[in-house]
Amino acid sequence: MKRILSPSLLLVLLALACTKTPSPQEQLTANDAEINDIIAQMTLEEKVEMLHSKTNMSSAGVERLGIADIHYADGPFGIREEGQPNGFMSAGWTLDSATYFPTGSALAATWSEELAYKYGTGMGKEARLRGKDVILGPAVNIQRLPVGGRTYEYLSEDPILSAALALAYTEGVQDQGTAVCIKHFAVNNQETNRGSVDVKIDERTLREIYLKPFERAIVEGGAMSVMPAYNKVNGDYCSENEHLLNEILRGEWGFKGMTVSDWGGTHSTMGAMLHGLNVQMTGSTYLGQPVIDSIATGALTEDLVDEKVRQILRVRYAIDPVPDDEANIVMTSQPESQKIALEVAEKSIVLLKNEDILPIKPNVKRIAVIGQNAKLKTQSGGMGAGVKALYEITPLQGIIERAPIGVQVTYAPGYKNFPGRRWGPAPAKKDPLEATAIDEPADPKLLADALKLAEKADLVIFFAGTNKNIETEGSDRKDIKLPCGQETLVEALYDANPNVVTVLISGGPTDLQVLEPNSPAIIQGWWNGTEGGTALAEVLFGDIAPSGKLPFTFPMKLEDSPAYAMGNFPDPNGAGGDLFTLMFRPDVLAMSPAERQAFIESLPKPVSEYTERFYVGYRWFDTKEVKPMYAFGHGLSYVTFAYKNIKASVSGKKVKVTFDLVNEGDMDADEVVQLYVHRVNSSVEWPAKELKAFQRVSLEAGECEQVTLTIPFDDLRYWNEQTGSWDLERGKLQLLLGSASDDIRLTAEVNI
Ligand code: BGC
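Quick caveat: nothing in here was measured; it's all calculated off a predicted structure.

### Some thoughts on the overall build of the chain
Assigned secondary structure in the chain consists of 23 helices and 26 strands. The C-alpha atoms of the chain give a radius of gyration of 26 Å, which matches the 27 Å a tight globule of 752 residues would have. Summarising its shape, the C-alpha atoms of the chain cover approximately 85 × 80 × 55 Å along the three principal directions. Within the chain, the fraction of its 752 residues that count as buried is 61%. For the chain, long-range pairs separated by at least 24 residues make up 78% of all intrachain contacts whose partners lie at least 6 apart in sequence. Just so you have it, the chain exposes about 28100 Å², and 52% of that area is on carbon and sulfur atoms. Taken as two groups, the 72 positive and 101 negative side-chain charges of the chain have centres that lie 2 Å from each other.

### Here we look at the site of the ligand
Taken together, the neighbourhood of the ligand is formed by 15 residues, with Asp-74, Arg-150, His-184, Asp-262 and Glu-473 sitting nearest. At a separation of 2.9 Å, an oxygen atom of the ligand approaches a polar side-chain atom of Lys-183. Asp-262 places a polar side-chain atom, nitrogen or oxygen, 2.7 Å from an oxygen atom of the ligand. Notes on the ligand: free accessible area 310 Å², of which the protein chains cover 98%. When grouped by side-chain class, the residues that make up the shell around the ligand number seven nonpolar, one polar and seven charged.

### Some remarks on the pattern of salt bridges
Applying the stated criterion across every chain, the model contains 49 salt bridges. Note that Asp-670 is salt-bridged to Arg-696, the shortest N-O span being 2.8 Å. Of the two residues, Asp-670 is situated in strand S20 (residues 669-680) and Arg-696 in strand S21 (residues 690-699); the sequence distance between them amounts to 26 residues. Each member of the pair Asp-670 and Arg-696 is classed as buried. Glu-749 is the partner of Lys-732 in a salt bridge, and the nearest nitrogen-oxygen pair spans 3.7 Å. Taken together, the residues Lys-732 in strand S25 (residues 732-740) and Glu-749 in strand S26 (residues 743-751) connect sequence positions 17 residues apart. On the accessibility criterion, Glu-749 (45% relative accessible area) is partly exposed. A network of salt bridges, in which partner residues are shared, links Arg-150, Glu-153, Glu-191, Arg-194 and Glu-473.

### A closer look at the environment of Leu-447
Topologically, Leu-447 is positioned in helix H16 (residues 444-456). Counting along the chain gives 33 residues from Leu-447 to Gly-414, while the straight-line C-alpha distance between them is 5.2 Å. With residues up to four places along the chain from it excluded, the contact list for Leu-447 reads Gly-414, Ala-442, Thr-488, Leu-489 and Ala-492.

### Considering the environment of Gly-474
Checked against the element boundaries, Gly-474 lands in the loop between strand S14 (459-465) and helix H17 (486-496). Residue classification places Gly-474 among the buried positions, given a relative accessible area of 9%. Sequence-wise, Gly-474 and Tyr-169 are 305 residues apart; in three dimensions their C-alpha atoms are separated by 25 Å.

### Observations concerning the sheet that holds S21
Backbone hydrogen bonds hold the strands of a sheet together, and the pairing may be parallel or antiparallel. Here four strands make up an open sheet; going across it, the order is S21-S20-S25-S26 and the pairing antiparallel. At either end of the open sheet lies a strand with only one pairing partner, and these are S21 and S26. Between one strand and the next, the sheet's axes are offset by a mean angle of 20°, whatever the strand orientation.

### With respect to the pairing of strand S5 (residues 179-185)
Most of S5 sits inside the fold, with seven of its seven residues counted as buried. In terms of strand pairing, strand S4 (residues 134-136) meets S5 through two bridges, oriented parallel. The residue bridging Val-134 from the neighbouring strand is Ala-179, located in S5. Regarding the hand of the β-α-β motif, the stretch spanning S4, helix H7 (residues 159-174) and S5 is right-handed. The sheet contact formed by S5 and strand S7 (residues 225-228) spans four bridges and is parallel.

### Quick look at unusual backbone geometry
That bond from Met-281 to Thr-282 is cis: its omega, -15°, falls within 30 degrees of zero. Its location among the elements puts Thr-282 in the loop between helix H11 (269-274) and helix H12 (289-297). Its identity is not glycine, yet Asn-234 carries a phi of approximately 45°, on the positive side. Here Asn-234 lies in the loop between strand S8 (232-233) and strand S9 (236-237).

### Quick word on the pairing of S20
In terms of residue burial, S20 counts as a mostly covered element, since ten of its twelve residues are buried. Where S20 lies against S25, seven bridges are found, and the strand directions are antiparallel. Residue pairing across strands places His-678 opposite Gln-734, the latter belonging to S25.

### Quick word on the confidence of the model for the chain
Counting all residues, the mean pLDDT for the chain is 93, and 93% of those residues have values of 70 or more. Low pLDDT, under 50, characterises residues 1-5; the predicted model gives this stretch two contacts beyond four residues in sequence or across chains. Here residues 422-436 scores under 50 on pLDDT; set against residues more than four positions off or in separate chains, the count is 32 contacts.

### Details of the packing of helix H3 (residues 32-41) against helix H13 (residues 302-318)
Between two packed helices, the angle of one axis relative to the other and the distance separating the axes together describe the packing. As a packed pair, H3 and H13 sit with axes 10 Å apart at the nearest point and diverge in direction by 125°. Taken as axis vectors, H3 and H13 run oblique relative to one another. In the packing of H3 onto H13, the handedness of the crossing is right-handed. Together, Asp-32, Glu-34, Ile-35, Asn-36, Ile-38 and Ile-39 of H3 and Asp-306, Val-309, Arg-310, Leu-313, Arg-314 and Tyr-317 of H13 make up the contact between the two elements. Here the contact of H3 with H13 is built from residues that sort into six nonpolar, one polar and five charged.

### Quick notes on the packing of H7 against helix H9 (residues 212-220)
Contact pair H7 / H9: the axes reach a minimum separation of 7 Å and the direction vectors enclose 35°. Along this stretch, H7 crosses H9, giving a crossing that reads as right-handed. For the pair formed by H7 and H9, the contact residues are Pro-159, Ser-162, Ala-163, Ala-164, Ala-166, Leu-167, Thr-170 and Glu-171 on the first element and Lys-212, Pro-213, Arg-216, Ala-217 and Glu-220 on the second.

### Points about the domain arrangement of the chain
Domain annotation of the chain identifies domain 1 (7-326), domain 2 (349-552) and domain 3 (637-751). Taking only C-alpha atoms into account, the centre of domain 2 sits 34 Å from that of domain 3. Taken over both partners, the interface formed by domain 2 and domain 3 buries close to 810 Å², and the fraction arising from carbon and sulfur atoms is 57%. Sorting the residues of domain 2 by area buried against domain 3 places Ala-545, Ser-547 and Lys-549 first, and these three jointly supply 59% of that buried surface. Between domain 2 and domain 3 we count one salt bridge in total. Where Lys-549 meets Glu-671, a salt bridge forms, and the shortest distance between an N and an O atom there is 3.0 Å. Our enumeration of links across domain 2 and domain 3 arrives at four residue pairs in polar contact (both at pLDDT 80 or more). Those elements that provide at least two residues to the side of domain 2 that touches domain 3 are strand S11 (350-354) and helix H18 (532-540). Of the residues assigned to the side of domain 2 that touches domain 3, the class counts are eight nonpolar, four polar and two charged.

### Focus on the sheet that holds strand S10 (residues 258-259)
Across the sheet, which stays open at both edges, the seven strands sit in the order S1-S2-S3-S4-S5-S7-S10 with mixed pairing between neighbours. Strands at the two margins of the open sheet, each flanked by one partner only, are strand S1 (53-55) and S10. Taken together, the two bridges between strand S2 (residues 58-59) and strand S3 (residues 70-74) define a ladder with antiparallel strand orientation. From the neighbouring strand, Ser-59 faces S3, where its bridge partner is Ile-70. Together, S4 and S5 form the strand contacts of H7, whose direction differs from that of S5 by roughly 150°.

Procedures and definitions
- Residues numbered from 1 in each chain as written.
- Predicted model: local features only at pLDDT ≥ 70, side-chain atom pairs only at ≥ 80, totals over all residues.
- Heavy atoms only, no water.
- Helix = DSSP H or I, 4+ residues; strand = E, 2+ residues; numbered from the N terminus.
- Rg over C-alpha atoms; globule rule 2.2 N^0.38 Å.
- Buried < 20%, exposed > 50% of the residue type's maximum accessible area, 1.4 Å probe, protein only.
- Contact = heavy atoms within 4.5 Å.
- Areas by Shrake-Rupley, 256 points an atom, 1.4 Å probe, with all protein chains shown as cover.
- Lys, Arg positive; Asp, Glu negative; His and termini not counted.
- Charge placed at Lys NZ, Arg CZ, Asp CG, Glu CD.
- Near = heavy atom within 4 Å.
- Polar contact = N/O pair within 3.5 Å; in protein donor to acceptor, adjacent residues only side chain to side chain.
- Nonpolar A, V, L, I, M, F, W, Y, C, P; charged D, E, K, R; others polar.
- Salt bridge = Lys/Arg side-chain N within 4 Å of Asp/Glu carboxyl O.
- Pairing = 2+ DSSP bridges.
- Axes fitted to C-alpha atoms, helices over the stretch in contact; angles between N-to-C directions.
- Right-handed = clockwise from strand over helix to strand, strands pointing away.
- pLDDT = per-residue confidence, 0-100.
- Parallel < 35°, antiparallel > 145°, perpendicular 65-115°, else oblique.
- Left-handed = near helix turned anticlockwise from the far one by under 90°.
- Domains from an automatic or database assignment.
- Buried area = accessible area lost by both parts, 1.4 Å probe.

Listed below in structure tokens is the structure:
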């Protein structure tokens, strides 16, 4: 019998078919009716309490109405140890040891959205165990300067790679019922004067490079909160920047959640209230009593306060508070997360150079491990983002545990590590605002001891690089030279024994001009989390093939990089200083709050010009034909991969590229395939090429796989400054497919 649908059922079905799934941001408004009812029951004082910190890491709810406080935790690469309610000093807990995940640039070196998602799940789960609602991360600013103090926290110099990973990380965290607070919005690319610098940037560069990672995580990933940065952008502090917060974030991207100022980064009541800030962290100087007073005088309306509270409550409603008796009852670090940390570390290690010395050969019976960085724990330091890890396998420990029976491992420190200046009172003579330049010579005794071991060994593994006193929040490096006499040491080591493998332990790039000729193999080993030493040993001994790729360019020398070449950094007039560093200067400490504020305001106003525009990282090196030491996307394997049979087409609003990838080696290995676009006969200005798609592919020994990469037209658009909108330039595209930005294997062309 034929079934006939009733007209009313038909109508229901039609309505269902026409209902658009709400966007991730729209989903945040699901509880607005209930939220409005609650707001109607709140006093003005209760509402204003929600607009500023309650403790150093929380903001208030309304107990009377059953609204829990919001608990925050740093991020971005592990849940930070519990601090005192009024500051960052340790609370002395015992169950708050968390998993130390590889830091940002290491995660980015995996080029894996799948791993970034898993990483996010690990962070999100551990946050819940600690009773936290919001993670202060991911940190997704573009790595503009090789010297940048927070390069290690950030992901990449490329917006497409950063955006893909920022999105996956965000989804991973939020799928666990924890909110992200993506930071630092926006253009916080230097630590020098970060609390006062005014970034002068054109709209196209802002949109195409610096905002991209935020845009994807917010629009597609539904990031629930956003941390405005310390700096100014085009004249206004980020925490009161109408263009960034109201026009772009809320207006264009449809953001429905809350903004939380960086700690100490709120600057005024009217600015913050009118131009997009929800929560002042920390203190209540601006978004406490002054808000109530401003309403009394009519300068602000209570409707505006309601709007801000609604945005905060959307996050509170979306995230279930963890009941007190369910939080902190087990150790924060969980085996599941430790496994994720290991997997990320394994896939992040970048083999920069290998003259057939790795993996370590069976005839190597005596290994001399040289360098303090082999033993140094990297979980904490660098100011805000440290982790109290449950455990951390150092590189030396990893090597000793993995070395086959009969292989002797010896160790010598080789150099003194730079003790640096920690966040705290300034050393007597040194200007605390000075960037960190390390020109300490090699220590003759340590050098001699190291040489003795090297002479007797079959293989020297030299651990070079920086540490978290050198690369740190709050200051930038003065240069990217290898510190502590490491250059002298590697020359001497190579003379004593030419079988040198160097492992660079750092978060950002270093100058390798002296090291490179003295080291037949070089690895970028990162600050690689709780299992970093295990992963490194697996790569060194050939249990797995290295598969990380550089997420940023290693310049030959610092002066080659765009902001330096253009004379934009360092800013010759850039006095002032980092907010925190300044606050700890003895004379500033002695001031009253009002005097301190007046002092800060009286400092010269530093400016950072971004006249290199969108020529950031490899976009600059390629276009200007400046040869880097190691290019963006570079990373070798123990096998070779063949790229064959490229086919490119346009279907719908996408460019599609298929090709065959063959693992020609005798071990399983991953390759990260990269697709760049070059514009042919364009009338718009473009860099020589730009990354537009990538994929990590795992292949067994000898396996061949057909791989498909797609580029949505949206990712090919440029920001048209004349019309103030995104435009697609039609015409011919050259598609460059390869293993690195300087290792293009196949090309094809399409017309769009
Ligand atoms: C950093 C933020 C961090 C905050 C709280 C600030 O100094 O810039 O990234 O989340 O402190 O620790």
